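Now for the letters of each chain:
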Amino acid sequence: KPALTKIGAQMSNLTGVRAIMKDINETLRASKGKELYNLSAGNPLILPEVEKLWRDCTADLLASSEYGEVVCRYGSSQGYAPLIESIVKDFNQRYGLSLTDRNILITAGSQTIYFYAANAFGGYTQDGSLKEIVLPLSPDYTGYGGVCLYPEALIAYKPTLDIDTAAHRFKYRPDFNQLSITENTGCVIFSRPCNPTGNVLTNDEVNKITDLAAPYDVPVLIDSAYAPPFPALNFTEMTPMFGENILHCMSLSKAGLPGERIGVAIGDENLIQVLECFQTNVGIHSSRYGQAIAARAIESGTLANIAENVIRPFYQKKFDVLESTLEAAMPKNIPWFLHRGEGAIFGWLWLRDLPMTDWEFYQELKKVGVIVVPGSSFFPGLKEEWEHKHQCLRISLTGSDEEITIGMQRLAKVAEQVYQSA
Ligand code: PLP
């Protein structure tokens, strides 16, 4: 085995949900013949209309004179010009902006934007002081846990909870009494809609965060992997937000193109340039084939159209199945709370006063053939202990209606037994 540096050792650890995925994959492999209701996946489903869109765009590219230029040559690190132009045009028209090509960067998936930003703006400055990467509302995307070369820089804040006891619903809110953004902050990151909770921060909440960051010129990265205009996985009204210190970050992964690794950052040209140079050093540029088909899907308006009319209703209906099954199946006397389903492709269930940890509950569910993801892996950067961290589960909406229904009915039975025997 080679000797590893501190960073080498850290980067060869599986963090957050990847560690659990290993356990899940082993469970799936060992389950031969046994029926399993797997509600753990973060991988979007292949919807026929979406696959057709990408197939059609590919056919168009193959038939065009552009093909050789796209796949047989290197391109600019900023991204493939026709894709950048299609985004500038679409966003200016759709949101009344005045973007130019200098405001756009195409990356190899949006995960890399967070990696570049976390290390360009967070970590140690030349004079040795630590710039923090602030996650204003924990839980949030587990992938933020692995993006910092200096993990001590990642700081997440506990939220406040709006609880509707009678309805068995709740919603997280940023805790503005605690949230601190100062000259020691390097950047701020949050997902909207949020993976894992489905929360959508309100415009007011986003404005408060960006206002706190503005005096220190701190970039605020709004991870819009599930936001409109594509994949449009918002089930509540929301408008993307732009502004001087906002980096609006998008992904084509949930719009059917995770394999091609296309992320988009939109923002001030000074911020974009920093990230572009980082990308040149890390990986030169994203797949040009992916960028060329994305340009076609955006330019024609088909992507936004399919997102709104196919992708969003598909997952919204799944959330309805999850919600109605839990309502019918969960025992009334158990303090269960489903997070308001405002977007993304997950349900987030909080079992208050759960008499065991989320990990133990996950093991109990496995015994009855149901797999969900224990919630504690979704609190990257949260330093303090909080019992709530061990009381939540992420339930994927990528299951069939039957899988979600049976999975939740079994979960309700297990919950009943677990609370009763306590
Ligand atoms: N951000 C969020 C909130 C996600 O859920 C994901 C993927 O699951 C990503 C970022 C990373 O997406 P990609 O790198 O494929 O664009």
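Not measured: the values here are computed from a predicted model.

As for the pattern of salt bridges
It is possible for side chains of opposite charge to pair when their charged atoms get near one another.
Then, number 1: Applying the stated rule across the entire model yields 20 salt bridges.
Then, number 2: Between K366 and D23 there is a salt bridge; the shortest N-O distance is 2.8 Å. On the criterion of sequence distance, the pair formed by K366 in helix α11 (residues 358-367) and D23 in helix α2 (residues 16-30) is long-range, its members being 343 residues apart.
Then, number 3: A relative accessible area of 21% means that D23 is categorised as partly exposed.
Then, number 4: For E364, the salt bridge is made with K367, and the minimal N-O distance between the two is 2.9 Å. Of this pair, E364 and K367 both sit in helix α11, separated by 3 residues, roughly a single helical turn.
Then, number 5: Taking the relative accessible area as the measure of exposure, K367 reaches 59% and is therefore exposed.

Details of the nonpolar core
Then, number 1: Counting 73 residues, the largest nonpolar core has W54 and F361 as the members making the most contacts within it.
Then, number 2: Of all the elements, helix α10 (residues 302-329) adds the most residues to this core, at 11 residues.
Then, number 3: Apart from residues lying up to four places away in sequence, F361 is in contact with L351, L354, M356, L393, L411, V414, A415 and V418.
Then, number 4: Among the nonpolar cores identified, the runner-up in size contains 59 residues, and L154, Y157, L221 and I246 belong to it.

Description of the site of the ligand
Then, number 1: Around the ligand, 13 residues are found, and the nearest of them are S110, D223, S251, S253 and R261.
Then, number 2: D223 is positioned such that a nitrogen or oxygen atom in its side chain is 2.5 Å from a nitrogen atom of the ligand.
Then, number 3: Within the side chain of S253, one N or O atom sits 2.5 Å away from an oxygen atom of the ligand.
Then, number 4: Its free accessible area being 400 Å², the ligand has 91% of it covered by the protein chains.
Then, number 5: In the shell around the ligand, the residues fall into 3 nonpolar, 7 polar and 3 charged.

Digging into the sheet that holds strand β16 (residues 392-396)
Then, number 1: With mixed pairing, 6 strands are arranged side by side in an open sheet as β6-β7-β12-β13-β16-β15. Lying at the two open borders of the sheet, with one neighbouring strand each, are β6 (160-164) and β15 (373-374).
Then, number 2: The sheet contact formed by β6 and strand β7 (residues 169-173) spans 5 bridges and is antiparallel. Paired with L161 across the strands is Y172, a residue of β7.
Then, number 3: Most of the contacts of α10 go to strand β12 (residues 336-339), to which it runs at about 170 degrees, and overall it touches β7, β12, β13 (346-351) and β16.

Topic: the packing of helix α5 (residues 81-95) against helix α9 (residues 288-299)
Then, number 1: Put simply, α5 and α9 touch, their axes get as near as 8 Å, and they point 25 degrees apart. By the angle class used here, α5 and α9 are roughly parallel. Every pair of crossing elements has a handedness; the one defined by α5 and α9 is left-handed. Counted together, P82, L83, S86, I87, K89 and D90 of α5 and Q291, A294, A295, I298 and E299 of α9 form the full contact between these two elements.
Then, number 2: The residue makeup of the contact of α5 with α9, split by class, is 6 nonpolar, 2 polar and 3 charged.

A closer look at the state of the cysteines
Then, number 1: On inspection of all chains with the given rule, the structure shows 0 disulfides.
Then, number 2: Among the cysteines around C72, which has no disulfide bond, C57 carries the closest sulfur, lying 19 Å off.
Then, number 3: Unpaired in this structure, C187 has its nearest cysteine sulfur neighbour in C148, at a distance of 7.8 Å.

A short note on the packing of aromatic side chains
Then, number 1: One pass over the structure, following the stated rule, counts 17 aromatic pairs.
Then, number 2: Ring geometry for F170 versus Y172: centroids 5.0 Å apart, planes at 80 degrees, classification edge-to-face. Comparing F170 with Y172 shows no difference in burial state: the two are buried.
Then, number 3: Aromatic pair F337 and W350: ring centres 5.0 Å apart, planes at 35 degrees, arrangement tilted. Within this pair, whereas F337 is found in strand β12, its partner W350 is found in strand β13, the two being separated by 13 residues in sequence.
Then, number 4: The exposure class of F337 is buried, given its relative accessible area of 1%.
Then, number 5: Here W350 falls in the buried class, since its relative accessible area comes to 5%.
Then, number 6: Site record: aromatic cluster; members linked through ring pairs are F170, Y172, F337 and W350.

Some words on the environment of P228
Then, number 1: Secondary-structure assignment places P228 in the loop between β9 (220-223) and β10 (246-251).
Then, number 2: According to the relative accessible area criterion, P228 is buried, its value standing at 9%.
Then, number 3: Sequence spacing of P228 and R312 is 84 residues, and the spatial spacing of their C-alpha atoms is 9.7 Å.
Then, number 4: Those residues in contact with P228 that sit more than four places away from it in its chain are Y95, N234, M238 and P240.

Procedures and definitions
- Residues numbered from 1 in each chain as written.
- Predicted model: local features only at pLDDT ≥ 70, side-chain atom pairs only at ≥ 80, totals over all residues.
- Heavy atoms only, no water.
- Salt bridge = Lys/Arg side-chain N within 4 Å of Asp/Glu carboxyl O.
- Helix = DSSP H or I, 4+ residues; strand = E, 2+ residues; numbered from the N terminus.
- Buried < 20%, exposed > 50% of the residue type's maximum accessible area, 1.4 Å probe, protein only.
- Core = buried A, V, L, I, M, F, W, Y, C linked by side-chain atoms within 4.5 Å.
- Contact = heavy atoms within 4.5 Å.
- Near = heavy atom within 4 Å.
- Polar contact = N/O pair within 3.5 Å; in protein donor to acceptor, adjacent residues only side chain to side chain.
- Areas by Shrake-Rupley, 256 points an atom, 1.4 Å probe, with all protein chains shown as cover.
- Nonpolar A, V, L, I, M, F, W, Y, C, P; charged D, E, K, R; others polar.
- Pairing = 2+ DSSP bridges.
- Axes fitted to C-alpha atoms, helices over the stretch in contact; angles between N-to-C directions.
- Parallel < 35°, antiparallel > 145°, perpendicular 65-115°, else oblique.
- Left-handed = near helix turned anticlockwise from the far one by under 90°.
- Disulfide = S-S within 2.5 Å.
- Phe/Tyr/Trp six-rings, centres within 6.5 Å; stacked < 30°, edge-to-face > 60°.

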